[in-house]
Amino acid sequence: MAAASSSSSASDPSRRKYDVFLSFRGADTRHSFTCYLRDFLRRKGIDAFIDEELRRGNDLSKLLERIEQSKISIVVFSENYANSAWCLEELAKIMDCKKTFDQVVLPVFYKVPTCDVRYQTGSFGAPFERSEEVFQGFEHRVPAWKDALTAASQIAGYVLPERSPECEFVDKIAKETFKVLNKLSPSEIQGLPGIESRVMELEKIMCFEEKTCVRVVGVLGMAGIGKTTVADCVYKRNYGHFDGYCFLANIHNESKLNGVDHLQQKLLRKLLDEDNLDVGAPEGAHEALKDRLRNKKLLIVLDNVANENQIRLLIGGEGQELYREGTRIVITTRDKKLLEKIVNQTYVVPILSGRESLELFCLNAFSSNLCATAEFMDLSNKFVDYSKGHPLALKLLGSDLCQRDKLYWIRKLERLQKRPDGKIQEVLKMSYEELCPEEQSIFLDVACFFRSEKLDFVSRILSTYHIDASNVINDLIDKCLVTVSDNRLEMHDLLLTMGKEIGYESSIKEAGKRGRLWDQEDICRVLKYKTGTAEIRGIFLDMSNVESMKLSADIFTRMLSLKFLKIYNSHCSKWCENHCRFRFPGGLDSFPDELVYLHWQGYPLEYLPLNFNPKKLIDLSLRYSSIKQLWEDEKNTGELRWVDLSYSKDLLNLSGLLEARKLERLNLECCTSLAKCSSIQQMDSLVSLNLRDCINLKRLPKSINLKYLKVLILSGCSKLKKFPTISDNIESLYLDGTAIKRVPESIETLRNLAVLNLKKCFRLMGLPDTLCKLKSLKELILSGCSKLESFPDIHEDMGSLEILLIDDTAIKQTPRKMCMSNLKLFSFGGSKVQDFRGLELLPFSGCSQLSDMYLTDCNLYKLSDNLSCLSSLQSLCLSKNNIENLPGSIKKLHHLKSLYLKHCQKLISLPVLPSNLQYLDAHGCISLETVAKPMTLLVIAEKTHSTFVFTDCFKLNRDAQENIVAHTQLKSQILVNGSLQRNHKELVLEPLVAVSFPGNDLPLWFRHQRIGSSMEINLPPHWCDDKFIGLSLCTVVSFKDYEDRTSRFSVICKCKFRNEDGDSTSFTCNLGGWKEQCGSPSHEEPRRLSSDHVFISYNNCYHAKKSDDLNRCCNTTASLKFFLTDGKAKRKLDCCEVVKCGMSLLYAPDENDYRLHGLQENNLDKAISGKETDLNETDLDEVVVSKRGRLCFQEEELLNRKRIKEEVSFSNYECTVTSVLSYTKPAKPNHWT
């Protein structure tokens, strides 16, 4: 066993005992060069072994053992080195270790030529010429020594010529040795998952390569997060590059034990390498030693610093000016504020990721020879989840569980759900104990009550006359006890648990004597038996599992210090159970006057207690309550900021709030009994007022100006007929569903108005001409205003307006001028325009930013020829109009992605459409006969996947259907060609191109066809070559009185390819369908189908082939199952089924494919000149028509060409010809089979 251990140790450099073994000729260099080298190595923390004692004992075997136990051997070849048999035997052993264990050897040629060593000449040759005399008794070792000298001289080493300075030479060797040792000994960070990336991040911040500056870096994080570990690893990896270095560990604790003065002395002595250094008075020590400090490039780590005085005394009051350029100082701390004025940059140590956490836990929980079972791994994941990436917690929990049985693990986990781990608690609690009383109190409030609440809200709630909570919270943030995410206060789960445990420990036996209560059982016991005391600061009760109970009226009487009271139901925020489990037969006597936060969901009484003085109340929420009015008399509500009485359906008035002049938010949504709200005129600070669905509210107070009001919601106030301007600073005004008839001219005074919602104001008849004065308006919503007959001319640019919705109005005449330079979305659906010139009177030439335009059912007969002025248009909906033709300029809408033409029953033909079109829906265009050739502009760099829907287009003639399918084929060819050139071969679920149209036959070129919805076929032996790229799939779907209610429909194919070795690949392909919705849902008619339709797709399926199958003879069976879905999982569609299916393999186009060559040649000049590389109709004819004059061959010619091709190069291979439909002339794209 010992031998095995020794061998293992020797083979692993990181496990060897010594860093460096020095081999040298004592008489030459012991007291000169070698002495200096050893000193330089030790300064860099390198343990260098010199054989002084062993030589005296003449014990060669022990010496050779030391060589084996060293990571590096440095051989100093000097003039008399070869005269010593001892030295030569060392060298032979060293070279043997290099050969056997790959030991690193660094030769140093000290004032001797390398050739003398290599060829044993000069001073290295003389001893061997008289070897019998010099090496008496060792003559048999001479050949081995010569070989060792030759081998050593061939290693790249260091050469010091005669009369050369030795200091820099020795320093260079020491630095290189340090670098080599770092590579050989990565064990400093082994066993610490995630540490490597963190070390690299800190090293990057420290900028070691920058030699011209002093840099101070902070390392920040909560207790136990790994600050010291990261700093220590960086220190150990880099200290050898510095002239002086020191790592002062755990300064906070050490200073308590020995004082900061002792630490200062320790630091300066280590940096200046002087054990007996007298540093003098602590305050002036650095200034006195400044000259000596500036002579050295230093690396200093101050670990766990707790206050500014420690930093000042340890690195000096003058900071960076005291140190030489290149010096680096690292300060680890839990307090960000200590670093703000000192450091150049701070590194915040992150928590471990899930993978790193599990790895660290397992390293500690399972011994090296134990493999974790599935059961233990499941439990491990639960402990990892509990620790939330905290390294120290993971270590402590893992160590505690190591070699324990499963029952212990389970019970440990159960205990953690109730109480935190003692050792973890001890470490984290140190941070808490360092806080002042105010910080401790607010920390516990956040931990017990206000985690994940908004920062400004918590700051106000926790502030008192003496304490500004925002400052205290900022201090907690700086000390890594609290964080802010999305303006909400958060904290690590372990800190949260610690905070609650501290609150629990304050009175373990008597809950009524604790400061904070959140446990259901404890609270119910306190309320039932009236054991509450003045110690109670807050109560948060979740009623979801509380049984009904009768309570006394004086339950809160003794809780004189109660500041926070929240009663809620976590299972149902809307109080669907509609009953309160707390019953008060005698009412409530009072709430404590100290109350600042009162939330009682479903408050069961009609009034708040008469004796309650809310002078300190800031937040009042009584959602879903039985309240009729807050108080009969006015109360001192001067501190109220937020009031929420929403869904209190019995609320009659706002009495009791006349003095709430600081109130900022008032939510009265769905207070259906509320008829007036005169009290709001006194609320000078009101910012948001929500009166949504107050259906009995008839008017607002007149002649008031709430100067801070920004949001006013009156949605659904169906009896509200007039809207007085109650604030000139409103930004969002919601009047949808009200009974107002006109918007007053005075609205122009709302200079800050950004949102004006008048949706479904069924009585609204007019808009003011001053509408254009609203320069800040971003959204104007008039949808469903069925009596609105006109829209005012916009003579002045409304430059902020982005959304204008005027669908389902009575507007029949479009405005003469609409200056809206930033308009992005315009909806005019359902407005029966009587101007047959259609959009020619909609002057959109200035709306260059318009991206979405919905004109469904607008009685349009034509579109303007200058449609191209809408250069940013991405979605255009023209469904249910009387258009016969689209303007040719539509092809210039280069950003258009979606075009909806559903139920345009007079549409006869389609022009060339834009190149980037992704979705075309022409469902129900019953007069559509022809489409342009090409259907869309094609570009050689095509990347856009497309879906073309022609369902219920029964008049599409043969040429049109042929053009559609031929176009999709060519487009998919171009897409495939581009993907191959870009080496883009990942999984793509959506089809390259998909098309659907009426029909009941599969195209003839689908060689594999079956009746029904599934097929199984044997693929050709060489189907999987390097040109295979996917599948072409086709189905006939039979619809019988089908009505689409989800606006979604897809044909899906589940594919499974299984080879002769039993290996299989499964994947899913989409054959397309429809899924987009156009404009308002009210304009959407369900898609009804009652005939058969053909669905064809071209799918990229690189993933179907395995690298092992490429270009080899492989028998493969393909199974395909087709099914239909409307987006609802596990729902079988009625009234439709797949009745036929087909499949062909797709291959990359041949290099000599004349169609692609034609496209490339056609676009070459345009591409070079930078112009749009699109393809017009004439170009396409030149591309797709061969030199014979036609692309589409007669069937006899088709079959002849197929036979010739198979005989030449594709014997027993897939069909490589194309026919569009069974009754059309077949086309032959070279790559479709």
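Residues numbered from 1 in each chain as written. Predicted model: local features only at pLDDT ≥ 70, side-chain atom pairs only at ≥ 80, totals over all residues. Heavy atoms only, no water.

The protein chain appears in an unreviewed UniProt entry as ADP-ribosyl cyclase/cyclic ADP-ribose hydrolase from Camelina sativa.

Explain helix α18 (residues 308–315) residue by residue, including any values.
Those residues of α18 lying buried are Q310, I311, L313, L314 and I315. On the buried face of α18, the contacting elements are β7 (244–248), α14 (251–258), α15 (260–272), α16 (285–288), β8 (298–305) and β9 (328–333). For α18, the N-terminal capping position is held by N307, with its side-chain oxygen 3.2 Å away from the main-chain nitrogen of N309. Trailing α18 by a residue or two, G316 shows a phi angle of about 95°, which is positive. (Buried < 20%, exposed > 50% of the residue type's maximum accessible area, 1.4 Å probe, protein only. Helix = DSSP H or I, 4+ residues; strand = E, 2+ residues; numbered from the N terminus. Contact = heavy atoms within 4.5 Å. Polar contact = N/O pair within 3.5 Å; in protein donor to acceptor, adjacent residues only side chain to side chain.)

Describe the side chain of T770, with residues and values.
The residue T770 is located in the loop between β25 (755–757) and β26 (779–781) in this model. Side chain to side chain, T770 and E745 meet in a polar contact 3.3 Å long. When sequence neighbours within four positions are dropped, the list of residues in contact with T770 reads E745 and E748.

Go over the sheet that holds strand β1 (residues 18–23) with me, naming the residues and quoting the values.
Taking strand neighbours across the sheet as the criterion, the 5 strands line up as β2-β1-β3-β4-β5 in an open arrangement whose pairing is parallel. Edge positions in the sheet fall to β2 (48–49) and β5 (158–160), since each has one partner strand and no second. As judged from the 5 bridges shared by β1 and strand β3 (residues 70–77), these two strands associate in the parallel manner. Note on β3: the bridge partner recorded for F21 is S73. Running at roughly 140° to β1, helix α6 (residues 85–101) makes contact with β1, β3 and β4 (104–110) of the sheet. Across the sheet, helix α11 (residues 167–184) touches β1, β3, β4 and β5, and the angle it forms with β3 is around 155°. (Pairing = 2+ DSSP bridges. Axes fitted to C-alpha atoms, helices over the stretch in contact; angles between N-to-C directions.)

Can you explain the state of the cysteines? Please cite residues and give values.
Enumeration according to the criterion identifies 0 disulfides in this entry. Of all cysteine sulfurs, the one in C819 lies closest to C772, which takes part in no disulfide; the gap is 8.9 Å. (Disulfide = S-S within 2.5 Å.)

Residue-level account of the layout of surface pockets, with values.
If you roll a probe as big as a water molecule over the atoms, it shows you where there is empty space left. When its volume is computed, the largest pocket comes out at roughly 950 Å³. E453, H599, D619, S621 and D644 are the residues nearest the centre of the largest pocket, which is lined by 30 residues in total. At the level of secondary structure, the elements contributing two or more residues to the lining of the largest pocket comprise α25 (455–462), β16 (564–568), β18 (597–600), β19 (619–621), β20 (642–644), β21 (665–667) and β22 (688–690). The greatest single-element share of the lining of the largest pocket, amounting to 4 residues, is contributed by α25. The class makeup of the residues in the lining of the largest pocket is 8 nonpolar, 11 polar and 11 charged. (1 Å grid on protein atoms, 1.4 Å probe; cavity = no way out; pocket = protein on both sides within 12 Å on 5 of 7 lines; lining within 4 Å. Points joined across faces, edges and corners; volume = space filled by probe spheres on them. Nonpolar A, V, L, I, M, F, W, Y, C, P; charged D, E, K, R; others polar.)

Provide a residue-level description of empty space enclosed by the protein, including the pertinent values.
Inspection of the entire model under this criterion finds 2 cavities of 30 Å³ or more. Empty space within the second largest cavity amounts to approximately 30 Å³. Considering the residues around the second largest cavity, the lining is formed by F208, E210, K211, F242, K297, G326 and R328. The residue inventory of the lining of the second largest cavity, partitioned by class, reads 2 nonpolar, 1 polar and 4 charged.

Got a sec to walk through the packing of aromatic side chains? Specific residues and values, please.
What the rule picks out here adds up to 53 aromatic pairs. With centroids separated by 4.8 Å and ring planes inclined at 35°, the aromatic side chains of F33 and Y110 adopt a geometry described as tilted. Linking F33 in helix α3 (residues 33–43) with Y110 in strand β4, this pair joins segments that are 77 residues apart in sequence. Since its relative accessible area comes to 11%, Y110 is described here as buried. Measuring from centroid to centroid gives 6.0 Å for F208 and F242, while their planes differ by 70°, and the two rings are edge-to-face. A residue pair is termed long-range when its members are at least 10 positions apart, and F208 in the loop between α12 (195–206) and β6 (215–220) and F242 in the loop between α13 (227–238) and β7 qualify at 34 residues. Its relative accessible area of 4% is what places F242 among the buried residues. Counting every residue linked through ring pairs, the aromatic cluster contains F449, F450, F457, F540, F564, Y597 and W642. Cation over ring: K297 sits above F242, and NZ or CZ is 5.1 Å from the ring centre. (Phe/Tyr/Trp six-rings, centres within 6.5 Å; stacked < 30°, edge-to-face > 60°. Lys NZ or Arg CZ within 6 Å of the ring centre and 35° of its normal.)

Tell me about the environment of L496, residues and numbers included.
Turning to its location among the elements, L496 is positioned in helix α27 (residues 493–505). Separated by 15 residues in the primary sequence, L496 and L481 have C-alpha atoms spaced 9.3 Å apart. Each residue touching L496, except ones within four places of it in the same chain, is listed here: A447, R451 and M491.

Tell me about the packing of helix α19 (residues 354–365) against helix α20 (residues 374–387), and name the residues and values.
Their axes nearest at 10 Å, the elements α19 and α20 cross at an angle of 115°. For the pair α19 and α20, the sense of crossing is right-handed. Between α19 and α20, the contacting residues are G354, S357, L358, F361 and C362 on the first element and M377, S380, N381, F383 and V384 on the second. A class-by-class count of the residues in the contact of α19 with α20 yields 6 nonpolar, 4 polar and no charged. (Left-handed = near helix turned anticlockwise from the far one by under 90°.)

How would you sum up the pattern of salt bridges? Please name residues and give values.
Tallied over the entire structure, the rule returns 47 salt bridges. As a salt-bridge pair, K337 and D475 come within 2.4 Å of each other at their nearest N and O atoms. On the criterion of sequence distance, the pair formed by K337 in the loop between β9 and β10 (345–348) and D475 in helix α26 (residues 469–478) is long-range, its members being 138 residues apart. Classification of K337 by relative accessible area gives partly exposed; the value is 38%. Linking K513 and E510 is a salt bridge whose minimum nitrogen-to-oxygen distance equals 3.4 Å. Classification of K513 as partly exposed rests on a relative accessible area of 42%. One salt-bridge network, held together by shared partners, links D385, K388, R451, E490 and D493. (Salt bridge = Lys/Arg side-chain N within 4 Å of Asp/Glu carboxyl O.)

Describe a negative patch on the surface, listing the residues and the values that go with them.
A contiguous patch of negative charge on the surface is contributed by E632, D633, E634 and E659. Tracing the backbone shows D633 in the loop between β19 and β20. (Patch = residues over 30% accessible without salt bridge, like charges linked within 9 Å, V, L, I, M, F, W, Y side chains within 5 Å. Areas by Shrake-Rupley, 256 points an atom, 1.4 Å probe, with all protein chains shown as cover. Lys, Arg positive; Asp, Glu negative; His and termini not counted. Charge placed at Lys NZ, Arg CZ, Asp CG, Glu CD.)

Run through unusual backbone geometry, naming residues and quoting values.
Of the consecutive residues K933 and P934, the connecting peptide bond is found in the cis state with omega at 5°. Residue placement: P934 occurs in the loop between β34 (930–931) and β35 (946–949). A positive phi angle, close to 55°, is found at D486, a residue other than glycine. For D486, the location among the structural elements is in the loop between β11 (483–485) and β12 (488–490).

Please set out the sheet that holds β8 residue by residue, giving values where relevant.
What the 5 strands build is an open sheet, ordered β7-β8-β9-β6-β10; its pairing is parallel. Taken across any chain shown, the strands that pair with only one partner, and hence form the sheet edges, are β7 and β10. The average undirected angle you get between the axes of adjacent strands in this sheet is 15°. One ladder, built from 4 bridges, connects β6 with β10; its direction is parallel. Of the residues in β10, the one forming a bridge with G218 is T346. Packed onto the sheet, α13 meets β6, β7, β8, β9 and β10 and runs at close to 160° relative to β7.

I'd like a description of the confidence of the model for the protein chain, backed by residues and values.
Overall, the predicted model of the protein chain reaches an average pLDDT of 83, with 85% of residues at or above 70. Counting contacts from residues 1–10, a segment whose pLDDT is below 50, to residues more than four positions away or on other chains yields 7 contacts. Low pLDDT, under 50, characterises residues 1159–1233; the predicted model gives this stretch 169 contacts beyond four residues in sequence or across chains. (pLDDT = per-residue confidence, 0-100.)

Summarise the pairing of strand β36 (residues 993–998); cite the residues concerned and give the values.
Counted residue by residue, β36 has 6 buried out of 6 residues, so it is predominantly covered. Two strands pair when backbone bridges link them, and β36 and strand β44 (residues 1092–1100) are joined in this way by 6 bridges, in the antiparallel orientation. Its bridge partner being in β44, A994 is matched across the sheet by S1097.

Please give an account of the pairing of β9 that cites residues and values.
Of all 6 residues making up β9, 6 are buried, and the element is well covered by its neighbours. What you see with β9 is no split at all: R328, V330 and T332 on one side and I329, I331 and T333 on the other are buried throughout. Relative to β9, β6 is paired through 6 bridges, and the arrangement is parallel. Considered in β9, the bridge of G218 is made with I331. Across 5 bridges, the pairing between β8 and β9 is parallel.

Can you tell me about a positive patch on the surface, naming the residues and giving the values?
A grouping of K698, R699, K702, K719, K721, K722, K741, R763 and K787 is seen on the molecular surface, where their side chains present a positively charged patch. Along the chain, K787 turns up in the loop between β26 and β27 (803–805). Here K787 falls in the partly exposed class, since its relative accessible area comes to 47%.

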